[in-house]
Structures are given as C-alpha cells and as structure tokens.
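Single-letter residue listing:
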Amino acid sequence: MEDDGGGTADPSPPVITVQVKFSGRTIPISINPESTIKDLKSVLQPVTNVLPRGQRLISKGKVLVDTMTLKASELSDGSKLMLMASQGLHQGDGPITKEASSPTNLKRTIDTKRTVSEKIKAPVDKSHSERWKLTGVIALSEYQLTTIPDEVWACGRSIRVLDLSNNSIHEISVKIGSLSSIQKLFLNANDILDKCISWEGITSLKSLSILSLSQNHLTTLPSSLGALTSLTQLHIANNKLTSLPIEIELLTQLEILTASNNRLNSVPLSIGNCRSLIEIDLSSNLLVELPETFGNLHNLKALYLSNNGLKSLPSTLFKMCTQLSALDLHNTEVTMDLLRQFEGWQDFDERRRSKHQKQLDFRVGFSAGFDEGADKK
C-alpha cells in the first residue's frame, strides 16, 4: 500500500505470537509466520534449554513437521502449542539438587536425631578445633551447617584443606582470606549466591590448588579469578553460569576444568592460553561452537561436550591436541562424516581405540564403534 507521499509502507514482515506450553509454564514466542517449525525450535532452545532435535511441537493433537512454515501448519496469532522434550536432550539445566546428587542423603534421613545432633555440635567442640590445627584438615561435609563456624577462622594459617561440601551455607565471607595457607577448598553443594560470596577473600588465597564451587547458585565469575594462579583444578559444574571470564587465561597451571550443567553460550578465546589443561567438561550447556584456540591445548587428553548445540569442532583439534583420547559428543549435531574430514582424525581414533582396548584388558568395558563421541570411561 502506498502512503500519502507516494512511497511504500514499512516493508517489515508481519509477526505473530504463539503460546508454547512447556514444563508447567506458557512461553510467548513472537515470530514471522513464514518461518519454519525448525526455526521456531531454534528460538525455543535458549528459552527451554532443550536441543531442537529433542523437541516435539504439538498443535491440535498433531506433531508439527520441521520443514513446514508456521502459516502452512495453520498457526496464527495466539495459537497454543505444546512442547514435549525427549529425555537426554536437555542442556544447561542449572544446579542439580543436593538431594538428588548425594547418595548419602537417604542414609542421613533415616539416621537417628541423636546422631545428627552430635554432628552439629562437633564444630564447636574444643578437641575438634585442636585436631584441625594439628592436622591442617577441616572436614565438615554433610554437617547441616548454615554458616561457617567461628572456630574455622580461628585456625588461620594452619589449615591446608577445608571441606564444607553438602551443607546449606549461604555466605562465604571475606574471612576466608584468613586461611592464607589453604590449598584445597570444597564449597560444592551449598546454597551460595553471587552476592553472598566474597571473591576478594577467595582470590587472596595464593596457595589454592583446588577450588570446588559446583552445585550452587552462581551466575557469574569475576575477572579476579585470574589471580588464583596456583589452581590446578576448578570445579564449577551445576550452577547457572552464562560465561567464563577472559582472565581464565591467567590460570596457566590449570589441569582440570569442570563446568558442565550451566548456561554457557560461549567459551572465551583466551582459554587457549591454559596450556596445562588435561581434562575439560563442558557438557550440558548452550554452546553452538568452540573457539579455534582449543587447538593450543596440546596436553588435552579428555574433552566432554555432550548435550550442546554444537555442529562442528575447532579445525585443528585433532591435529594439534595429539594426546586427546577421550571425546564425548553425544546429543550434539556433530556427525561421523564431519569428524572423518578433520586432519588428525585417524591418529585420534587410533588413540581412542587403544585406550578402550586397555580398558577391555582390565574388564572395564569396550565400545567397538565411535557413535559421535567416545565413552567417558
């Protein structure tokens, strides 16, 4: 239609809003009716954390076909759809609950109240405090703590290991920095939020080699993480992280990085400078690609990438990572035909087969064929 000035009207395409029911909620999606059902699934992926090939969209009792447009599928503004998700094709599901992840919880539930009461009193017992100072180890996992006992801070420089995992601790205060000689810090499976953790205190721990923050409620990591230059292991799985800081490149001693079950949609190029990395787990995130700098990780032996939206891999991964022998690509869109085209694939496949043969010799199990990802064992 022409306007009064003789020009044409705004050519922007029409948009409709469909209502997608999923997991007890209704998600409004605005989209061009000429888009395909496959396009709609791609839009739904970051909202629902379900890979497109794991989605079944149903309208009026019929499963919608990927290649058809919304218009051809008789979807209009206000149409209601139901999304059914295939098991195992979720990604970035956030924290796993402590109840689901800890097999000891059932036992703790049926323990007598007397036993639980004794464990709660243990941290304030003077003999415990003295033993901590002598051994350098504080083991308070599964003590149903909501705060860190003052007796912990009193131990100061004498502590090398602090295990506070599987509690309900909300806050990690700046006092953590008083444990200046600590080498291993386990804070996994608590209730820690971004605003309740003192990164100033944690990043002052220059001797820290292992940091475990998995199964909390973290959405971001600070740039100051790069100050932990002695780290060899970083465990941040089962949080709600959307990115990794560029400063991760300063962790040049890092050997193990576990960041599975988050909401990562990218990996910084700087990870290529973490050349001590041996094992990386990025499974169950929102990744669609990896940076080419992965080829710089010459010591890499294991890479776990299942349940992501990946369609390809860094072109030099097999050529440059000559120690890589374990690769998990299950529930991604990377195919065998594509992998065979990569330079260095044959050498990798030989290493993978050799590893599995050794496992067979020790009766661990054997996978005869590469089904878009080597087993994790």
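Above: the structure in question.
So, how was this worked out
Throughout this description, residue numbers start from 1 for each chain and increase along the sequence as written. The predicted nature of this model means local features are confined to residues of pLDDT at least 70 and side-chain atom pairs, given and counted, to a pLDDT of 80 or more, with totals for whole chains, interfaces and linings taken over all residues. The basis for every side-chain value is the complete set of heavy atoms in the structure, and neither hydrogens nor water enter the calculation. The secondary structure listing takes helices from DSSP runs of H or I that are at least 4 residues long and strands from runs of E that are at least 2 residues long, numbered from the N terminus. Contact criterion: two residues are considered in contact whenever any of their non-hydrogen atoms come within 4.5 Å of each other. The classification of residues rests on relative accessible area computed with a 1.4 Å probe and restricted to protein chains. Under 20% of the type maximum is buried, over 50% is exposed, and intermediate values are partly exposed. Any two strands with at least two DSSP-identified bridges between them are counted as paired. Comment: axis = line fitted to C-alpha atoms, over the contacting stretch for helices; angle = value between 0 and 180 degrees taken between N-to-C directions. We define a salt bridge as a contact between a side-chain nitrogen of Lys or Arg and a carboxyl oxygen of Asp or Glu at a distance within 4 Å.

A.B. asks: Is there a simple way to explain the environment of P52 in this structure?
C.D. replies: Looking at the secondary structure, you find P52 in the loop between α1 (37-48) and β3 (55-59). C-alpha separation for the pair P52 and I37, spaced 15 residues apart in sequence, amounts to 10.0 Å. Excluding residues that lie within four positions of it along the chain, P52 makes contacts with K41, S42 and Q45.

A.B. asks: Sorry if this is basic, but what is going on with the side chain of S73 here?
C.D. replies: Inspection of the secondary structure puts S73 in the loop between β4 (62-63) and β5 (80-85). Residue classification places S73 among the buried positions, given a relative accessible area of 13%. Non-local contacts of S73, meaning those with residues more than four positions away in its chain, are made with I37, L64 and M68.

A.B. asks: Looking at this structure, I do not really get the sheet that holds strand β9 (residues 210-212). What am I missing?
C.D. replies: Consider a sheet: its strands pair through backbone hydrogen bonds, and that pairing is either parallel or antiparallel. Strands sit in the order β6-β7-β8-β9-β10-β11-β12-β13-β14 across an open sheet of 9 strands; the sheet is parallel. Of all strands in the sheet, those with a lone pairing partner are β6 (137-139) and β14 (326-328), marking the two edges. Adjacent strand axes in the sheet meet at a mean angle of 5° when their direction is disregarded. As defined by bridge partners, strand β11 (residues 256-258) adjoins strand β12 (residues 279-281) across 3 bridges and the pair is classed as parallel. Looking across to β12, one finds that I256 is bridged to E279.

A.B. asks: Before we go on, may I ask you to explain the environment of Q45 in this structure?
C.D. replies: Relative to the assigned elements, Q45 resides in helix α1. On the basis of relative accessible area, Q45 is assigned to the buried category, the value being 11%.

A.B. asks: Looking at this structure, how should I read unusual backbone geometry?
C.D. replies: In terms of backbone geometry, most residues other than glycine have negative phi values and most peptide bonds are trans. Unlike most non-glycine residues, E74 shows phi in positive territory, near 65°. If you trace the backbone, E74 turns up in the loop between β4 and β5. Despite not being glycine, N238 has its phi angle at roughly 55°, a positive value.

A.B. asks: Got a minute to help me understand the pattern of salt bridges in this structure?
C.D. replies: Any two side chains of opposite charge can pair, on the condition that their charged atoms come close. One pass over the structure, following the stated rule, counts 6 salt bridges. Residues K41 and D66 are paired through a salt bridge, measuring 2.8 Å at the closest nitrogen-oxygen approach. Placement of K41 in helix α1 and of D66 in the loop between β4 and β5 is noted, with a sequence separation of 25 residues between them. Taking the shortest distance from any N to any O, the salt bridge between D337 and R340 comes out at 3.6 Å. Of the residues examined, D337 reaches a relative accessible area of 54% and is grouped as exposed. In this structure, a network of salt bridges that share partners links the residues D349, R352 and R353.

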